[in-house]
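# Topology and contacts: notes
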There are 2 protein chains.
Amino acid sequence: MKTPVELTELFRERGLKVTPQRQCIFRLLHGNAAHPTAEAVYAAARAEMPTISLKTVYQTLNDLAEMGELHVLDLGTGSGRFDPNVDAHHHLVCDRCGKVRDLHVDFPDVRVPRGKAQGFRILDTEVVFRGICDECQTEDETDKEKAHA
Amino acid sequence: MKTPVELTELFRERGLKVTPQRQCIFRLLHGNAAHPTAEAVYAAARAEMPTISLKTVYQTLNDLAEMGELHVLDLGTGSGRFDPNVDAHHHLVCDRCGKVRDLHVDFPDVRVPRGKAQGFRILDTEVVFRGICDECQTEDETDKEKAHA
DNA sequence: TGGTAATCGACAACGATTGTTGATTCCTCG
DNA sequence: CGAGGAATCAACAATCGTTGTCGATTACCA
Ligand SMILES: [Mn+2]
Ligand SMILES: [Mn+2]
Ligand SMILES: [Zn+2]
Ligand SMILES: [Zn+2]
């Protein structure tokens, strides 16, 4: 995603107004690697602007996604995750708590072999590693200790 | 997924009754590579049993998933896709129509490099190739021709 | 400064999935 | 075979995430 200043330009060029609500969301997302849900962005925005509406948050997130400044990930965690990092990368997903972490590794061998594409024109390749995050593993161990006691 | 006959055994062992509705779903799923939604299974089942309820379909699909006989894929196509093929494989997904095809290729290089796992214990690796399927490409071309005319 | 886009609140609606009820069917085990 | 209990049905309501609608108000920006 571009910087808040660049996004301000971009929105104006497109005839979209640059409101404080939108600028707030620009700032919250810039460099954000937490892959927040819309609700999470909403919560963070309300800390600065108590009257911002969830509708406005969705509106701005969708605008950014349409411009290609944001990717929406559907990783089976119930709700969409917004990713301001639009460069090619992959993800680690916690099956327990839904946490999403970036994995910046290139897998040059991951291609559909000739003759196996079944007519598809491939536009994108995602690798998703699913498992249990550190925090959820610690929880599990704590539970075991309690069970012993 | 096991064969309908084996699933009949398995259900009985678990104290679950083997009803005609469940057997119908066993048959519909066995060897099914279409990755159907619950609604699609429901539609196919109703062709044989007009009074089967959507509730019963979900119930049976969830039972099979809990037993590990079925995988539920969330590929961002709006609804869950049920996959009776529980062996390791990957998927081609059409961004336009949601079609899902199997890709039986092993990618041995696709592993999280040591030191990049960020505390995750990895349990599963999925590769998803997104693009446009053959049918949707043909549609596009037809549209172009119409535009020229 | 004015025209118009954006926002707000308060609520309804959506699609996918799950829950509830009470009546009915029918599988399974002895 | 017969009894007991699970499963199913229909007909709803409810959930969650997301989008739509409304009229009134705000405020961006050419
Ligand atoms: Mn990311
Ligand atoms: Mn598959
Ligand atoms: Zn976790
Ligand atoms: Zn398609």
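Refer to the preceding data block for the structure.
Nothing here was measured: the structure is a model prediction, and the numbers come from that model. (Residues numbered from 1 in each chain as written. Chains lettered and ligands numbered in written order. Predicted model: local features only at pLDDT ≥ 70, side-chain atom pairs only at ≥ 80, totals over all residues. Heavy atoms only, no water.)

Residue and element names in this part refer to chain B. Across all of its chains, the model carries 4 aromatic pairs over all chains by this definition. Both rings, one in phenylalanine 11 and one in phenylalanine 26, keep their centres 5.0 Å apart while their planes meet at 65°; by these two values the pair is edge-to-face. Here phenylalanine 11 is found in helix H1 (residues 4–13), whereas its partner phenylalanine 26 is found in helix H2 (residues 20–29), with 15 residues between them in sequence. Among the residues examined, phenylalanine 11 registers a relative accessible area of 0% and is labelled buried. Residue phenylalanine 26 is classed as buried on the basis of its relative accessible area, which comes to 0%. Geometrically, the ring pair formed by phenylalanine 107 and phenylalanine 129 is tilted, given 6.1 Å between the ring centres and 50° between the ring planes. (Phe/Tyr/Trp six-rings, centres within 6.5 Å; stacked < 30°, edge-to-face > 60°. Helix = DSSP H or I, 4+ residues; strand = E, 2+ residues; numbered from the N terminus. Buried < 20%, exposed > 50% of the residue type's maximum accessible area, 1.4 Å probe, protein only.)

Look at the two chain copies: a rotation about an axis and a shift along it is all it takes to match them. When chain A is brought onto chain B, the operation consists of a screw motion whose angular component is 180° and whose axial shift is 0.0 Å, with 0.0 Å RMSD remaining. Taken together, the rotation and translation describe the operation of a two-fold axis. No C-alpha of chain A approaches the rotation axis more nearly than that of valine 127 of chain A, which lies at 2.2 Å. (Least-squares fit on C-alpha atoms with pLDDT ≥ 70 in both.)

In this section: the protein's contact with DNA strand D. Residues in contact with DNA strand D amount to 19 residues; listed here are only the nearest, Arg12 and Tyr58 of chain A together with Thr19, Ile52 and Thr56 of chain B. The side chain of glutamine 21 of chain B places a nitrogen or oxygen atom 2.9 Å from a sugar or linking oxygen of DNA strand D. When contributions to the surface near DNA strand D are tallied by element, the ones reaching two or more residues are helix H4 (54–66) of chain A together with H2 of chain B. Among the elements that line the surface near DNA strand D, the one with the most residues is H4 of chain A, at 3 residues. Within the surface near DNA strand D, the residues separate by chemical class into 5 nonpolar, 9 polar and 5 charged. (Near = heavy atom within 4 Å. Polar contact = N/O pair within 3.5 Å; in protein donor to acceptor, adjacent residues only side chain to side chain. Nonpolar A, V, L, I, M, F, W, Y, C, P; charged D, E, K, R; others polar.)

Here we come to the interface of chain A and chain B. Between chain A and chain B, the residue contacts involve 38 residues of the former and 37 residues of the latter. With both chains or domains summed, chain A and chain B bury close to 3,300 Å², and 58% of this area falls on carbon and sulfur atoms. Taken as a group, Gln118, Phe120 and Arg130 of chain A account for 19% of the area that chain A buries against chain B, more than any other trio of residues on that side. At the boundary of chain A and chain B, one finds 2 salt bridges. Linking arginine 130 of chain A and glutamate 126 of chain B is a salt bridge whose minimum nitrogen-to-oxygen distance equals 2.7 Å. Linking chain A with chain B are 18 residue pairs in polar contact (both at pLDDT 80 or more). When residues of the side of chain A that touches chain B are traced back to their parent elements, those giving at least two are strand E3 (90–94), strand E4 (100–103), strand E5 (121–132) and helix H5 (134–148) of chain A. Tallying contributions element by element places E5 of chain A first for the side of chain A that touches chain B, with 12 residues. Residues that form the side of chain A that touches chain B fall into these classes: 18 nonpolar, 7 polar and 13 charged. (Contact = heavy atoms within 4.5 Å. Buried area = accessible area lost by both parts, 1.4 Å probe. Salt bridge = Lys/Arg side-chain N within 4 Å of Asp/Glu carboxyl O.)

Every one of the 19 residues lining DNA strand C counts as a neighbour, but Thr19, Ile52 and Thr56 of chain A together with Arg12 and Tyr58 of chain B are closest to it. For DNA strand C, the backbone portion of the atoms within 4 Å of the protein, that is sugar and phosphate, comes to 83%. The backbone of valine 18 of chain B places a nitrogen or oxygen atom 2.8 Å from a phosphate oxygen of DNA strand C. Measuring from a phosphate oxygen of DNA strand C, one finds a side-chain N or O atom of tyrosine 58 of chain B at 2.4 Å. Where the surface near DNA strand C is concerned, the elements lending two or more residues are helix H2 (20–29) of chain A together with helix H4 (54–66) of chain B. Take the surface near DNA strand C: its biggest share by element is 3 residues, from H4 of chain B.

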